[in-house]
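# Residue-level structure breakdown
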Amino acid sequence: MPGDEFDWEGLRAQAHAIAGRAYAPYSGYRVGAAALVDDGRVVVGCNVENAAYGVTLCAECGLVSSLHAGGAGRLTHFVCVNGDGAVIMPCGRCRQLLFEHGGPDLLVWTVSGVRPMAEVLPDAFGPDDLARA
Ligand code: THU
C-alpha cells in the first residue's frame, strides 16, 4: 500500500468490488477501476466485453462515462485492479483517456507504486496541443 495519507486501500477496495460486476465472458479477465474526483465523488467502472471483440469497453471507459454522467469534474486519484484485486496498469488507450480527464498530475497507483500521470504517459498528446494549433 502506498505510503501517503490518502486512503488508497479504500479506493482499491472499491475497484475490486466493481470488478465483480465485469462482463468478461470472452477473456475471463475481470477489471475494476475506481477514481476520486476533485469534488469528492468516487467513480467506478468495470470492463464490458462484446462478441465483436474489438469493441470491448475497458473498465476505464465505464469510469469516465460515469464521471460525465455524474456532472464531470477532474480525476485526482486512480487505481485499477484485476479480479483478484491486484493492481494492474491501464492499457495504452486508457492512459490517454485518463490523461484527458486528470491531466499530468493525476495520481495513479501503478505496479511500481503511486506515480503521476506525467510518468505513466510521458510527453502526452492532449487538449493543450489542440489549443495551440
Ligand atoms: N482491460 C481493461 O478493462 N482495462 C485495461 O486497462 C486493460 C484491459 C480489459 C479489457 C478486456 O475485457 C480484458 O481486460 C482483457 O484484455
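For the structure, see preceding data.
Anyway, here's the lowdown on the structure attached to this text. All of these numbers come straight from a predicted model, not from anything done at the bench.

Rules and cut-offs
Residues numbered from 1 in each chain as written. Predicted model: local features only at pLDDT ≥ 70, side-chain atom pairs only at ≥ 80, totals over all residues. Heavy atoms only, no water. Salt bridge = Lys/Arg side-chain N within 4 Å of Asp/Glu carboxyl O. Buried < 20%, exposed > 50% of the residue type's maximum accessible area, 1.4 Å probe, protein only. Helix = DSSP H or I, 4+ residues; strand = E, 2+ residues; numbered from the N terminus. Near = heavy atom within 4 Å. Polar contact = N/O pair within 3.5 Å; in protein donor to acceptor, adjacent residues only side chain to side chain. Areas by Shrake-Rupley, 256 points an atom, 1.4 Å probe, with all protein chains shown as cover. Nonpolar A, V, L, I, M, F, W, Y, C, P; charged D, E, K, R; others polar. Lys, Arg positive; Asp, Glu negative; His and termini not counted. Contact = heavy atoms within 4.5 Å. Core = buried A, V, L, I, M, F, W, Y, C linked by side-chain atoms within 4.5 Å.

On to the pattern of salt bridges, then. Any two side chains of opposite charge can pair, so long as their charged atoms come close to each other. What the rule picks out here adds up to four salt bridges. Where Arg41 meets Asp39, a salt bridge forms, and the shortest distance between an N and an O atom there is 3.0 Å. Between Arg115 and Glu119 there is a salt bridge; the shortest N-O distance is 3.3 Å. The class for Arg115 is partly exposed, based on a relative accessible area of 24%.

Another aspect to go through is unusual backbone geometry. Phi is positive for Ala72, close to 70 degrees, though the residue is something other than glycine. Within the secondary structure, Ala72 is located in the loop between helix H2 (59-69) and strand E3 (75-82). For Ala72, a relative accessible area of 23% gives the class partly exposed. Of note, the phi angle at Asp123 is positive, near 50 degrees, even though the residue is not glycine. Tracing the backbone through its elements, the reader meets Asp123 in the loop between helix H4 (117-120) and helix H5 (127-132).

It is worth spelling out the site of the ligand at this point. What surrounds the ligand is the set Ser27, Tyr29, Val31, Asn47, Glu49, Thr56, Cys58, Ala59, Glu60, Met89, Pro90 and Cys91. One nitrogen or oxygen atom from the main chain of Ala59 is found 2.8 Å from an oxygen atom belonging to the ligand. In the environment of the ligand, an oxygen atom lies 2.7 Å from a nitrogen or oxygen atom belonging to the side chain of Glu60. Against a free-state accessible area of 370 Å², the protein chains account for coverage of 78% of the ligand. When its residues are assigned to classes, the shell around the ligand shows seven nonpolar, three polar and two charged.

With that settled, the discussion passes to the side chain of Glu49. Mapped onto the secondary structure, Glu49 falls in the loop between strand E2 (42-46) and H2. Salt bridges are absent for the buried Glu49, whose nearest opposite-charge side chain, Arg30, sits at 9.7 Å. A polar atom in the side chain of Glu49 sits 3.1 Å from the backbone nitrogen of Tyr26. Here Glu49 is in contact with Tyr23, Ala24, Pro25, Tyr26, Ser27, Tyr29 and Thr56, once residues within four sequence places are set aside.

On to the nonpolar core. Within the largest apolar cluster, 20 residues are counted, with the highest numbers of intra-cluster contacts made by Leu63, Leu75, Phe78, Leu106 and Met117. At the level of secondary structure, the elements contributing two or more residues to this core comprise strand E1 (31-37), H2, E3, helix H3 (92-102) and H4. The next biggest cluster of nonpolar side chains, apart from the first, holds ten residues, and it includes Leu11, Ala15, Ala34 and Leu36.

A word on H3. Taken together, the buried positions of H3 are Cys94, Leu98, Phe99, His101 and Gly102. Where H3 terminates, the next one or two residues include Gly103, which has phi positive at roughly 70 degrees.

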